[in-house]
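Reading the structure
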Amino acid sequence: IQHALDRAADFYGAGVRRQYASQLARNVHAFEVLVGPYAVAHLRITQKILEEGGNLPSDGAHVYLADTLESPDAPDLEPHGIMYRRLTQEHRRARRIKKDQRVLVCLGNPPYDRQQRDEQDRERGIELQGGWVRFGEQSLNESRETNGILKDFIDPVAEAGQGVHLKNLYNLYVYFWRWALWKVFENVQDAGIVSFITAASYLRGPGFVGMREHMRRTFDELWIIDLEGDNLGARRTENVFAIQTPVAIALGVRYGTPQPDEPATVHYTRIEGTRAEKLARLEAVTHLTDLEWRDCPTEWQSPFLPLGAGDYYNWPQLTDIFPWQHSGAQFKRTWPIATEPSVLDARWHALVGAPRERRQALFRETRDRKVDRDYAPFQGDGRLPSIESLSHEAACPEVAPYAYRSLDRQWVLADNRLGDYLRPPLWSTRGPRQVYLTSLITGVLGLGPAATVAAHPPDLHHFRGSFGGKDVIPLWRDAEGTIANVAGGVMGVLGERFGSSVSPEDLFAYTYAVLASPAYVDRFSEELTLPGPHLPISRDANRFRTMADLGRNLIGWHTYGERFGDSAPQGAARNRTAVPTLSENYPETYRYDPDTRALHVGEGVFGPVSPEVWGYSVSGFRVVESWLGYRMRSSAGRSSSPLDDIRPERWSVDMTRELLKLLWALEATIGTWPALEGHLEAVVQGPTFTAADFPQPTADERSVPTNNESQVRIL
């Protein structure tokens with residue numbers, strides 16, 4: 001209101017201020033569902049109008065204690081005494097505003113929260129959010145489906161094949177966006193404005209294709225001010241609010257009669273810097289021309305991000321070259337994962353050795369895994385007996401290597417009863433030739449390498465910032481390594497151009513050489529705000545082979561010699577002072593001394609360790625610190641069960657050997673960065689293949705492998 005009065009006075013003169021204050025008091029309406037903010041809003045609006053010499057309407061400030069997302073046809077509240085009569089009147093007035101009041105402008109900062117209910121929430125009867133916007137007029141019950149106006153955002157997502165991302169739409173801010181578009185534009189086919197500051201996930205997220213399409217059909221013009229502020233993901237920036245989620249301001253305008261077949265013109269700008277710098281920049285804006293805008297694509301479902309320049313967007317997407325991607329494994333409990341195989345054996349026997357009534361608490365049940373149920377194995381027929389039914393002597397399941405975090409090999413109980421989403425296809429395709437590349441395919445990459453690899457099935461969070469997307473790309477679709485996860489025709493195009501055959505390993509290694517150094521993210525940081533890396537593939541045979549050779553070395557180092565190489569490198573770091581192997585001397589802390597280049601692990605010392613090795617990070621994830629954190633007496637990360645308290649009792653020689661291998665791998669990797677950057681520059685400046693040079697993958701190639709895939713596809 002203060003801002004509106006100031007602008008009116010600037011435009012019309014100070015003499016209209018009192019008159020305009022009274023007009024604002026009549027025309028401004030607000031909904032608030034919480035009593036405290038409702039009372040404060042009443043007080044502050046009343047004070048401001050009176051301070052400006054305006055008059056309040058006869059019915060007072062138009063602030064209503066109401067749920068915005070409730071149906072405009074909801075029945076009146078039942079009045080119970082004098083105290084509740086006013087609430088009934090408020091409810092009736094709010095419903096009338098929702099249903100009949102013409103609204104020209106809707107603005108606000110709606111809440112943003114994606115509801116994730118667990119078993120206890122369901123048992124307590126906690127309602128699903130979204131109200132009338134999500135569910136329409138149907139009765140409130142657990143089996144209901146989304147039949148409200150939110151379907152306009154939802155249906156295009158499934159049609160676009162992005163149904164796995166639908167969960168991200170079930171967010172309060174999305175419900176408010178849908179309500180605002182309905183209220184301002186769909187009741188009256190006329191001009192209007194909606195301006196919200198909300199979470200920014202709708203700008204680029206694949207689950208929001210329907211929301212973006214609906215906005216393009218509703219508005220004539222849309223301005224996006226991206227304020228960033230991601231404190232959880234890969235690229236961290238300071239937020240204007242004390243929250244972890246990036247935010248954006250949107251200003252959407254329709255000038256008159258709707259033109260639903262003409263996509264809105266979308267303009268984008270980004271404000272960077274500290275919180276104070278961002279707020280100061282916003283405060284200085286008096287007109288849209290005060291900001292520098294870039295136009296966004298006009299395709300209905302395209303992200304609200306600027307059009308790219310140069311060849312980047314003409315290159316094939318990584319996911320079109322390697323068409324099958326899969327989410328990493330997710331246990332939903334930490335005790336089946338450990339740094340030492342013996343720890344898992346001890347945890348298993350503690351579980352089955354406990355009384356049956358105690359196993360539920362030790363196991364940590366979730367919706368998808370219960371101790372009294374049986375489950376299918378990763379491979380083969382039959383069912384695995386329930387945990388509850390096992391005898392005290394039940395044999396421990398397979399203890400298998402597991403790619404827990406980037407460059408951090410740990411161990412896992414490879415048993416489908418123990419994890420909610422273990423991704424059986426990843427386990428059924430593991431084999432002596434398999435390599436898994438992980439990146440951020442559906443999220444924004446942070447600084448550092450754009451990908452990492454592993455020889456064993458990766459965790460959901462193997463690559464820093466991977467929060468549920470299909471971010472794992474296996475090289476092979478089968479355990480034997482005979483069916484390559486490469487789009488049909490790609491290898492033929494490359495072989496014809498180079499005059500000699502190209503193997504799937506060659507292409508995979510070349511790809512890793514492009515993505516595995518920070519140079520790729522540094523060079524294409526602006527383009528990578530749109531998730532999904534594009535791959536520059538050189539048309540020069542010698543350059544392609546050189547990059548492939550570098551990539552083979554990197555894969556060998558990052559899999560500790562298990563793939564693409566006979567052995568890991570041996571670098572300069574040494575264990576100068578042994579870490580004691582006595583239980584009482586098990587390391588509790590670690591520290592790095594940059595002056596002496598010494599890494600202290602408890603009483604042990606490793607060196608020389610360069611600052612570059614110590615600070616090596618993958619999309620903001622510091623690899624050495626993470627590796628050490630999981631191996632201290634009190635492990636890093638959360639604890640899911642009393643079974644997590646079963647930890648290694650002593651530092652082992654294998655731990656020292658594994659730490660040295662990690663340090664050596666990082667030394668060698670960093671040593672290749674200048675060459676990788678130079679070769680990437682040469683690739684980009686030279687002739688490259690475009691996406692149009694390769695056939696698009698088929699639906700079968702993008703699908704999850706099946707057990708009957710036995711024929712090698714012609715590549």
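Residues numbered from 1 in each chain as written. Predicted model: local features only at pLDDT ≥ 70, side-chain atom pairs only at ≥ 80, totals over all residues. Heavy atoms only, no water.

**Digging into the overall build of the chain**
Check the secondary structure of the chain and you find 22 helices and 20 strands. Against the globule reference of 27 Å for 715 residues, the chain gives a C-alpha radius of gyration of 29 Å, in line with a compact fold. Taking the principal axes of the C-alpha coordinates as reference, the chain spans close to 85 × 65 × 60 Å. Counting only residues that meet the buried cut, the chain has 51% of its 715 residues in that class. Sequence-distant contacts, at least 24 apart, represent 74% of the contacts inside the chain between residues at least 6 apart. Taken as a whole, the chain presents about 32,000 Å² of accessible surface, with 50% of it coming from carbon and sulfur. (Helix = DSSP H or I, 4+ residues; strand = E, 2+ residues; numbered from the N terminus. Rg over C-alpha atoms; globule rule 2.2 N^0.38 Å. Buried < 20%, exposed > 50% of the residue type's maximum accessible area, 1.4 Å probe, protein only. Contact = heavy atoms within 4.5 Å. Areas by Shrake-Rupley, 256 points an atom, 1.4 Å probe, with all protein chains shown as cover.)

**Some words on empty space enclosed by the protein**
For the structure on display, the rule yields four cavities of 30 Å³ or more. Each pocket or cavity is described by its volume, and for the largest cavity that value is around 80 Å³. Every residue lining the largest cavity is counted, 15 residues in all, and those nearest its centre are Ala403, Arg409, Ala454, Ala455 and His558. Contributions of two or more residues to the lining of the largest cavity are made by strand E10 (399-405), strand E11 (408-413) and strand E13 (451-454). Counting residues per element, the lining of the largest cavity draws most heavily on E10, at three residues. Tallied by class, the residues present in the lining of the largest cavity amount to seven nonpolar, four polar and four charged. Of the volumes computed, that of the second largest cavity is approximately 60 Å³. (1 Å grid on protein atoms, 1.4 Å probe; cavity = no way out; pocket = protein on both sides within 12 Å on 5 of 7 lines; lining within 4 Å. Points joined across faces, edges and corners; volume = space filled by probe spheres on them. Nonpolar A, V, L, I, M, F, W, Y, C, P; charged D, E, K, R; others polar.)

**Describing the pattern of salt bridges**
For the structure on display, the rule yields 31 salt bridges. The residue lysine 48 makes a salt bridge to glutamate 51 at a minimum N-O spacing of 3.6 Å. Taken together, the positions of lysine 48 and glutamate 51, both in helix H3 (residues 35-51) and three residues apart, correspond to about one turn of that helix. A relative accessible area of 58% means that glutamate 51 is categorised as exposed. Arginine 217 serves as the salt-bridge partner of aspartate 261, at 3.9 Å between the closest nitrogen and oxygen. Separated by 44 residues along the polypeptide, aspartate 261 in the loop between strand E6 (247-254) and strand E7 (265-270) and arginine 217 in helix H9 (residues 209-218) bring together distant segments of the chain. When its relative accessible area of 27% is taken as the criterion, arginine 217 is described as partly exposed. When salt bridges that share partners are traced, they join Arg17, Lys48, Glu51 and Glu52 into one network. (Salt bridge = Lys/Arg side-chain N within 4 Å of Asp/Glu carboxyl O.)

**So, the packing of aromatic side chains**
Each aromatic ring pair is described using two quantities: the centre-to-centre distance and the angle formed by the ring planes. The full count for this structure, using the stated rule, is 31 aromatic pairs. Considering the side-chain rings of tryptophan 132 and tryptophan 182, the 4.9 Å spacing of their centres and the 65° angle between planes classify their relative orientation as edge-to-face. A residue pair is termed long-range when its members are at least 10 positions apart, and tryptophan 132 in helix H6 (residues 131-135) and tryptophan 182 in helix H8 (residues 172-186) qualify at 50 residues. For the residue pair tryptophan 132 and tryptophan 182, the accessibility class agrees, reading buried in each case. Both rings, one in tryptophan 335 and one in phenylalanine 363, keep their centres 6.2 Å apart while their planes meet at 70°; by these two values the pair is edge-to-face. Here tryptophan 335 is found in the loop between helix H11 (318-321) and strand E9 (337-338), whereas its partner phenylalanine 363 is found in helix H13 (residues 356-363), with 28 residues between them in sequence. With a relative accessible area of 0%, tryptophan 335 lands in the buried category. In this structure phenylalanine 363 comes out as buried when scored by relative accessible area, which is 0%. An aromatic cluster is present here, built from Tyr112, Tyr173, Trp177, Phe196, Tyr202, Phe208 and Phe304 joined pairwise through their rings. The aromatic ring of phenylalanine 31 is capped on one face by lysine 98, whose charged end is 5.8 Å from the ring centroid. (Phe/Tyr/Trp six-rings, centres within 6.5 Å; stacked < 30°, edge-to-face > 60°. Lys NZ or Arg CZ within 6 Å of the ring centre and 35° of its normal.)

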